[in-house]
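Residue-level structural notes
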Amino acid sequence: MKLVMAIIKPFKLDDVREALSSLGIAGMTVSEVKGFGRQKGQTEIYRGAEYSTNMVPKIKIEVVCDDDLAPRVIEAVQAAANSGAIGDGKIFVLDVEQAVRIRTGETGETAL
């Protein structure tokens, strides 16, 4: 199993969610985060307000999927989150050793 983490611009969340749903992804974790990369110190427009900051608001999406589906998840996130502008984000992929569904005790890919 793989954990695919994507840091994206907030206004791209719906596009990414729709792209992942079309692949059959049944669930994901979404967090509002702040950070900076190459666009540090630039003026951003967020929720209609323009401001300059070193910490830029982003959305972090986390999806756990089986190994075979991971490349398609990465492609879908990249295509949906791409605006062609600096600060579109990053995708990180990590191995997941085990998953357990708390309610039923199912493990591995059946727990997803």
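Residues numbered from 1 in each chain as written. Predicted model: local features only at pLDDT ≥ 70, side-chain atom pairs only at ≥ 80, totals over all residues. Heavy atoms only, no water.

The protein chain has the name Nitrogen regulatory protein P-II in an unreviewed UniProt entry, where Sphingobium indicum is given as its organism. Listed in UniProt under the heading Subunit (unreviewed entry), the comment for the protein chain reads: "Homotrimer." (UniProt positions renumbered as here; feature names shortened; annotations may be inferred.)

Across its full length, the protein chain carries two helices and six strands. Secondary structure elements of the protein chain, listed N to C terminal, follow the sequence β-α-β-β-β-β-α-β. Looking at the protein chain as a whole, 29% of its 112 residues are labelled buried. Contacts spanning at least 24 positions in sequence make up 72% of the contacts within the protein chain whose residues lie at least 6 apart. (Helix = DSSP H or I, 4+ residues; strand = E, 2+ residues; numbered from the N terminus. Buried < 20%, exposed > 50% of the residue type's maximum accessible area, 1.4 Å probe, protein only. Contact = heavy atoms within 4.5 Å.)

Turning our attention to helix α1 (residues 13–22). When we look at burial in α1, the residues that qualify are Val 16, Ala 19 and Leu 20. For α1, the angular spread of the buried residues around the axis is 95°, confining them to a single face. Looking at α1, the residues exposed on the side facing more than 90 degrees away from the buried face are Glu 18 and Ser 22. Those residues of α1 that are buried lie in contact with β1 (2–8), β5 (56–65) and α2 (70–81). Backbone geometry just downstream of α1 places Gly 24 in the positive-phi region, at approximately 95°. (Arc of directions from axis to C-beta.)

Here α2 spans 16 Å end to end across 12 residues, near enough to the 16 Å set by a 1.5 Å rise per residue. Of all the positions in α2, only Ala 70, Val 73, Ala 76, Val 77, Ala 80 and Ala 81 are classed as buried. Buried residues of α2, viewed axially, fall in a sector of 125°; they line one side. Facing away from the buried side of α2, by more than 90 degrees, are the exposed residues Glu 75, Gln 78 and Ala 79. On its buried face, α2 sits against β1, α1, β5 and β6 (89–95). (Expected span 1.5 Å × (residues − 1).)

All right, on to the pattern of salt bridges then. Across all of its chains, the model carries six salt bridges by this definition. Notably, a salt bridge pairs Asp 88 with Lys 9, separated by 3.9 Å at the nearest N-O pair. Of this pair, Asp 88 sits in the loop between α2 and β6 while Lys 9 is found in the loop between β1 and α1, placing the two residues 79 residues apart along the sequence. A relative accessible area of 16% means that Asp 88 is categorised as buried. (Salt bridge = Lys/Arg side-chain N within 4 Å of Asp/Glu carboxyl O.)

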